[in-house]
Amino acid sequence: MGAWKKVAWIVDMCSVVMGYISASMIVFSSGILIYEILMRYYFARPTSWVIETCIFLLVGSTFLAAAFTQKKYGHISVDILQTALPPRVEAWRALIVDSITFLFCLVVACLCWRQFFQAWQGGWSYPTMWAPKMWIPYSLMSVGMTLLSLQQFVQLVEQRYAAVAERSK
């Protein structure tokens, strides 16, 4: 279990770091929106890059924060079924749901990486005057979904390990 603990720790730390990066992206996005408002209102000089930058930052922060949210079990859940089921049945329900969730996140991560490589190789750009490259948000989505998949996998393995340890007592 020593190697597994190191892998789990690395995934957990990456999730925490990405959570903080995500929060700073939101703060930065707010700052440049304020800058845009000031430029438009006081100086009558609108910018051509602020909206796309904010979109990229907010999309990226959403995906990058997903693993941190998963680590903290911060996603919305309905607990009525968990409390109504017997503990053994609940353990199986949790295993099945978490396995399906992991597989879903893994598929989405793979699709995001495919989209990233297509945008990178195709030189795709956002259809505006500024025309930023589309591989930028796709890379943030890909990293975020990959880390979410890893975080989900770590929690799935640790949940199973805890269940096995509990039964062996």
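What comes next is a walk through the structure. (Residues numbered from 1 in each chain as written. Predicted model: local features only at pLDDT ≥ 70, side-chain atom pairs only at ≥ 80, totals over all residues. Heavy atoms only, no water.)

Quick look at the packing of helix 1 (residues 2-43) against helix 2 (residues 50-64) now. Two numbers describe how helix 1 lies on helix 2: the axes approach to 9 Å, and their chain directions differ by 160 degrees. The angle between helix 1 and helix 2 falls in the class roughly antiparallel. For the element pair helix 1 and helix 2, the recorded crossing hand is left-handed. Taken together, the residues of helix 2 that come into contact with helix 1 (itself represented by Met18, Gly19, Ile21, Ser22, Met25, Ile26, Phe28, Ser29, Ile32, Leu33 and Glu36) are Val50, Thr53, Cys54, Leu57, Leu58, Gly60, Ser61, Thr62 and Leu64. Across the contact of helix 1 with helix 2, the residue classes tally to twelve nonpolar, seven polar and one charged. (Axes fitted to C-alpha atoms, helices over the stretch in contact; angles between N-to-C directions. Helix = DSSP H or I, 4+ residues; strand = E, 2+ residues; numbered from the N terminus. Parallel < 35°, antiparallel > 145°, perpendicular 65-115°, else oblique. Left-handed = near helix turned anticlockwise from the far one by under 90°. Contact = heavy atoms within 4.5 Å. Nonpolar A, V, L, I, M, F, W, Y, C, P; charged D, E, K, R; others polar.)

Before going further, it helps to spend a moment on the environment of Lys5. Tracing the sequence through the fold places Lys5 in helix 1. The partly exposed category is assigned to Lys5, whose relative accessible area is 49%. Sequence separation between Lys5 and Val154 is 149 residues; the distance between their C-alpha atoms is 9.6 Å. (Buried < 20%, exposed > 50% of the residue type's maximum accessible area, 1.4 Å probe, protein only.)

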